[in-house]
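Close look at the chain arrangement
Listed below are the residues making up each chain.
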Amino acid sequence: MSQTYPFTVRPDDGDPYQVTADLRDVVAWEDAKPGRKVVDLMKNDYTARDVYELARLAAKRDGREVGSVKDFMRTAVVDLGHTLPKADADGDVDDLAESADPTRPAP
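Just so we're clear, the structure is a prediction, and the values are computed from it rather than from any experiment.

A look at helix H3 (residues 48–61)
Look at H3: 20 Å from first C-alpha to last across 14 residues, which is about the 20 Å you get at 1.5 Å a residue. Taken together, the buried residues of H3 touch strand E1 (5–11), strand E2 (17–21), helix H1 (23–32), helix H2 (38–42), helix H4 (69–75) and strand E3 (76–80).

Written out as structure tokens, the structure is:
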């Protein structure tokens with residue numbers, strides 16, 4: 001079983017970042033509340049609080065200061081999936097990837 005759960009975290013007072021919860025985080029999530037099962041995540045049967053808790057566990061394992069679950073919920077928005085534009089090997093982000101309108105300007 002190789003389940004991973006990608007998240008984009010947008011702190012109120014910092015730059016957004018991406019984390020991925022893996023089975024280590026899922027086990028910690030299950031252990032935090034009796035009755036939780038990985039199969040619930042696999043069936044997309046989870047709450048918004050579950051999303052925050054799992055993203056927080058992944059962020060904490062990644063070495064980020066995220067505080068308690070309540071602190072994390074109060075100070076950051078969590079998106080399901082990795083939603084930040086990708087950078088190339090030099091760290092440059094393709095401006096077209098961020099553009100809302102891909103239409104070329106008139107000559």
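Next comes the rest of the description.
Some remarks on the nonpolar core
Within the largest apolar cluster, 20 residues are counted, with the highest numbers of intra-cluster contacts made by Tyr-5, Phe-7, Leu-54, Phe-72 and Val-78. In terms of residue count, H3 provides more of this core than any other element does, six residues in total. Discounting residues that sit within four places of it in the chain, Tyr-5 has contacts with Val-19, Thr-20, Ala-21, Val-26, Val-38, Leu-41, Met-42 and Leu-54.

Here's the deal with the packing of aromatic side chains
All chains considered together, the criterion is met by one aromatic pair. With a centroid separation of 5.8 Å and an interplanar angle of 80°, the aromatic rings of Tyr-52 and Phe-72 are classed as edge-to-face. On the criterion of sequence distance, the pair formed by Tyr-52 in helix H3 and Phe-72 in helix H4 is long-range, its members being 20 residues apart. The exposure classification of Tyr-52 matches that of Phe-72, with both residues buried. When the ring centre of Tyr-17 is taken as origin, the NZ or CZ atom of Arg-64, which lies over that ring, is 3.7 Å away.

What about the environment of Glu-30?
In this structure, Glu-30 sits in helix H1. Along the sequence, Glu-30 and Leu-54 sit 24 residues apart, while their C-alpha atoms lie 9.7 Å from each other. Not counting the four nearest positions on each side in its chain, Glu-30 is found in contact with Arg-36, Lys-37 and Val-38. Here the side chain of Glu-30 touches Val-38 through a polar contact of 2.7 Å, landing on its backbone nitrogen.

Digging into H1
Within the span of H1, buried status applies to Asp-25, Val-26 and Trp-29. Down the axis, H1 shows its buried residues gathered within 100° of arc, on one side only. Turned more than 90 degrees from where H1 packs its buried face, Arg-24 and Asp-31 sit exposed. The elements touched by buried residues of H1 are E1, E2, H2 and H3.

What counts as what
Residues numbered from 1 in each chain as written. Predicted model: local features only at pLDDT ≥ 70, side-chain atom pairs only at ≥ 80, totals over all residues. Heavy atoms only, no water. Helix = DSSP H or I, 4+ residues; strand = E, 2+ residues; numbered from the N terminus. Expected span 1.5 Å × (residues − 1). Contact = heavy atoms within 4.5 Å. Core = buried A, V, L, I, M, F, W, Y, C linked by side-chain atoms within 4.5 Å. Buried < 20%, exposed > 50% of the residue type's maximum accessible area, 1.4 Å probe, protein only. Phe/Tyr/Trp six-rings, centres within 6.5 Å; stacked < 30°, edge-to-face > 60°. Lys NZ or Arg CZ within 6 Å of the ring centre and 35° of its normal. Polar contact = N/O pair within 3.5 Å; in protein donor to acceptor, adjacent residues only side chain to side chain. Arc of directions from axis to C-beta.

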